[in-house]
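The chain contents come next:
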Amino acid sequence: MTPILLGAEETRETFAGLETWQIVLWYGLIVLSVAIFTWGVARLVLKYRRGRAGQQPIGRPLERAARTARIVATHAWIRRREPLSGLAHLLVFYGFVVLFVGTAILAFQDDFAEPVLGFDFWRGWFYLGYSLFLDVFGAALVVGLSIFAFKRGVLRPFRLSYWRPAEAAPPLAGEARVYRIGDWAFLGSLFFLALTGFLLEAFRIAAFDPDFEVWAPFGWLLGQGFIGLGFEDAAADDARLATWWVHGVVALFWVSSIPFTKAVHMLAGPAGVAVTDKHAGRTLAPLPADAKPEEVGYATIDALDPKHLLDLDACTKCGKCHAACPATATGYPLSPRDLVLDLREVAEGALGNRAALGIEPRFPEHAPILGTIKPETLWSCMQCMACVEICPVGIEHVPIINHMRRALVERGEMDGQLQQTLETIYTSGNSFGESKRKRARWTRDLDFEVKDARRERAELLWFVGDYASFDPRNQRASQALARILHAAGVDFGILHDGERTAGNDVRRVGEEGLWTSLAEENVATISGCRFDRILTSDPHSYNTLKNEYPQLGGSWTVLHHSELLLELLESGRLSARKGLGYRVTYHDPCALGRFNGVYDEPRAVLEALGCELVEMPRNRDNSFCCGAGGGRIWMQELRAEGAQRPSESRIDEAVALDAVDYFVVACPKDVTMYEDAIKTSGHQGEIELRELSELALESLAPTRTLAGV
Ligand code: SF4
Ligand code: SF4
């Protein structure tokens, strides 16, 4: 053994033992690999360019690049709710990046620095540090891959299964097998590269055994093992040479395959994150003014926005959306992951690499996506945003589904019950089909007049919404809120018969024309009023008033009643008369929480009321939709026979908590859905529903007297 020298001698020969023709062959293979990779990437870019551009606003490139770098570097989106998978991906990611950069440094030294500049930096301390770094990160790669294999092969979580909710007629019945093979091939190929890399290092050490290679500790240990077994010198060198070729050729093949395999997410994932629209789903895109009927929504694959075509390739099949989706969980024929994968198959067959290579598409070429994706799949969506919120690569399922619904609506292909409700809204201005004169009838039981905000100035314009106006159970909650406001001296008024359905869910079912006319009418009415801020207890109205009415010129400060109640409590205009002492659980409405990030205010109100809040396992951004959103409350049932409704599953979750008195909601549709679910799930008597205002009214003593309570 030679003594450790920390000078210029610590290095190794890159092409040790290779003939000149073999080196030439190696460079030829590199050129071929890079050419295939470049062709594949170019085809991907061409595919995205064939989408109908202009629907997705993309600006502020520097800000986007910095944000993407932060998200990718920290794995903030990948780690969410899956810390073990997040750790595994972090190890694989940094292991891969360091090995890739290490290879690039070596190529720079061999092909440019040394032959062109005469500068040989790959020796001495640099070489030792380089060896240590690559060895340790190579080990990290192996550990990360092992965790993934353990999860996939042993733990087998639901999200990684390719079970489809609509087993009766999945469009790609045999695809689960293809996907599973692809997943394991991706994992296996990385394993193979990492292990042959270590073997290569170990054979080299066993052949030459320089002491300084202890700086590559894992390779060195393996090399010492071979030496201990007597496998050294010439035999080890022969093995080194053979492994060098195997490792090198497989690595080049792997690189060239990136645009064609699961590895494409390495390119499309960060690109998708970079062009993500932070308003996706919350603020839907208006139709272009000059859109022809055939250009409404997504009916064919080339109608997709380039960003949405990119999304399809970014999907890693992690299944997080599949696990979070309330439709999937309760047996509706929809999985957001499968929707993305099916659209990807169509895109590949019609526009992508598969089309370019003449490989038979899995769906017929140029297949219209309506039909391939069944209408019932699209109508199953609750537009709850659970999928968009959890997707680690920023895929925008909700706008994609919404665009496809728009195309269905344009063709008149919709659920009969939904069609009837939309007609009712069109003729009466509300989803209950009531006369507009009845809209303010709920105020008759109050012993004070509620201002007409169209005639008198008011501090707050209360946009009540359909359910809170017409549904008898919800009217009680509206009356509770009105009494609190009145007693606290809040100057408020309503639009009386001038209010129309806000249209949030009309827009989410894809009826853009009706949404526009409702919104225009409301914007005109509200614009004629004098007020400071808008109040609503309906998160659906809140979302569209706050995020979508500005598209039509209606930009106001919009408050949810939980925000206002907290403001009144904090300002001292309301104070708790007594601590209620109830154990309660709170359900985050999708349109308030995931859509608009209002999580803390309702909880702070409950705390101020003296309630003990017990969280359900699925809370805040992981809340579980009641099943009403996205217009589902107006449609026929689509879930599998015998399956629970999402609202029933939620009540089970609440009842499983220890001795909770009240299930607290802050959304009129939740009041309706959960009052019903408490009965149908068989939990009557075990838990009761309270709207936030009702608890507040019970507890609060406004600084003025609670007249009429
Ligand atoms: S929005 Fe909700 S219901 Fe629709 S696909 Fe996503 S998770 Fe499922
Ligand atoms: S769409 Fe997103 S969350 Fe769903 S499987 Fe693909 S990468 Fe995962």
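Quick summary incoming for the structure in this document. (Residues numbered from 1 in each chain as written. Chains lettered and ligands numbered in written order. Predicted model: local features only at pLDDT ≥ 70, side-chain atom pairs only at ≥ 80, totals over all residues. Heavy atoms only, no water.)

### A closer look at the packing of aromatic side chains
Within this structure, the stated rule accounts for 33 aromatic pairs. Relative to F260, the ring of W39 lies with its centre 6.3 Å away and its plane at 20°, an arrangement referred to as stacked. Here the residue W39 occupies a position in helix 1 (residues 20-49), and F260 occupies one in the loop between helix 8 (233-257) and helix 9 (265-274), the gap between them amounting to 221 residues. The class of F260 is partly exposed, set by a relative accessible area of 33%. Through a chain of ring-to-ring contacts, three or more aromatic side chains come together here, namely F108, F112, F119, F121, W122, F126, Y127, Y130 and F212. One Lys or Arg, R507, reaches over the ring of W515 and ends 3.7 Å from the middle of that ring. The positively charged end of R618 is found above the aromatic ring belonging to F624, 3.8 Å away from the centroid. (Phe/Tyr/Trp six-rings, centres within 6.5 Å; stacked < 30°, edge-to-face > 60°. Helix = DSSP H or I, 4+ residues; strand = E, 2+ residues; numbered from the N terminus. Buried < 20%, exposed > 50% of the residue type's maximum accessible area, 1.4 Å probe, protein only. Lys NZ or Arg CZ within 6 Å of the ring centre and 35° of its normal.)

### Details of the nonpolar core
One finds I301, L343, M404, W462, L485, F663 and L695 to be the most contacted residues of the largest nonpolar core, which totals 150 residues. Discounting chain neighbours no more than four positions away, the residues touching L695 are L580, Y582, V584, L606, L609, C611, Y662, V664 and R690. Ranked by size, the runner-up nonpolar core spans 15 residues in total, among them V92, A139, L141 and A263. (Core = buried A, V, L, I, M, F, W, Y, C linked by side-chain atoms within 4.5 Å. Contact = heavy atoms within 4.5 Å.)

### Overview of the pattern of salt bridges
Following the criterion strictly, the structure yields 47 salt bridges and no others. Through salt bridges that share partners, R406, R507, R508, E512 and E548 make up one connected network. (Salt bridge = Lys/Arg side-chain N within 4 Å of Asp/Glu carboxyl O.)

### Describing unusual backbone geometry
In this structure, R156 takes a positive phi of about 45° despite not being glycine. With respect to the helices and strands, the residue R156 is situated in the loop between helix 5 (124-155) and helix 6 (175-208). We classify R156 as exposed; its relative accessible area is 62%. For D209, which is not glycine, the phi torsion reads 45° and is therefore positive. Relative to the helices and strands, D209 is located in the loop between helix 6 and helix 7 (217-228).

### Notes on the site of ligand 2
Lining the immediate surroundings of ligand 2 are 13 residues, of which C315, C318, G319, C321 and C391 lie closest. Broken down by class, the residue content of the shell around ligand 2 amounts to seven nonpolar, three polar and three charged. (Near = heavy atom within 4 Å. Nonpolar A, V, L, I, M, F, W, Y, C, P; charged D, E, K, R; others polar.)

### Notes on the sheet that holds strand 5 (residues 558-560)
Strands sit in the order 1-3-2-4-5 across an open sheet of five strands; the sheet is parallel. Two strands in the sheet have a free side with no partner beyond their single neighbour: strand 1 (451-452) and strand 5. Here four bridges tie strand 2 (residues 458-462) to strand 4 (residues 531-536), and the two strands are oriented parallel to one another. In the strand pairing of strand 4, W462 is matched with L535. Sitting on the sheet, helix 25 (residues 561-571) is in contact with strand 2, strand 4 and strand 5, with an inclination near 85° to strand 5. (Pairing = 2+ DSSP bridges. Axes fitted to C-alpha atoms, helices over the stretch in contact; angles between N-to-C directions.)

### Quick word on the environment of V178
With respect to the secondary-structure elements, V178 resides in helix 6. Judged by relative accessible area, which is 34%, V178 ranks as partly exposed. Between the alpha carbons of V178 and R50 there is a distance of 27 Å; along the sequence they are 128 residues apart.

### Overview of the packing of helix 6 against helix 7
Look at helix 6 against helix 7: their axes get within 7 Å of each other, and the N-to-C directions meet at 55°. Relative to helix 7, the element helix 6 is oriented oblique. You can see that helix 6 and helix 7 cross each other, and the crossing is right-handed. In contact with F198, L199, E201, A202, F203, I205 and A206 of helix 6, helix 7 contributes F218, G219, W220, L222, G223, Q224, F226 and I227. (Parallel < 35°, antiparallel > 145°, perpendicular 65-115°, else oblique. Left-handed = near helix turned anticlockwise from the far one by under 90°.)

### Quick look at helix 24 (residues 539-548)
Among the 10 residues that make up helix 24, nine are buried, leaving the element largely enclosed by the rest of the structure. Along helix 24, the positions that sit buried rather than exposed are P539, H540, S541, Y542, N543, T544, L545, N547 and E548. Tucked inside the fold, the buried residues of helix 24 contact helix 22 (504-508), helix 23 (512-527), strand 4, strand 5, helix 25 and helix 28 (668-680). Regarding helix 24, its N-cap is D538, as a side-chain oxygen of that residue lies 3.1 Å from the backbone nitrogen of H540 further along. (Polar contact = N/O pair within 3.5 Å; in protein donor to acceptor, adjacent residues only side chain to side chain.)

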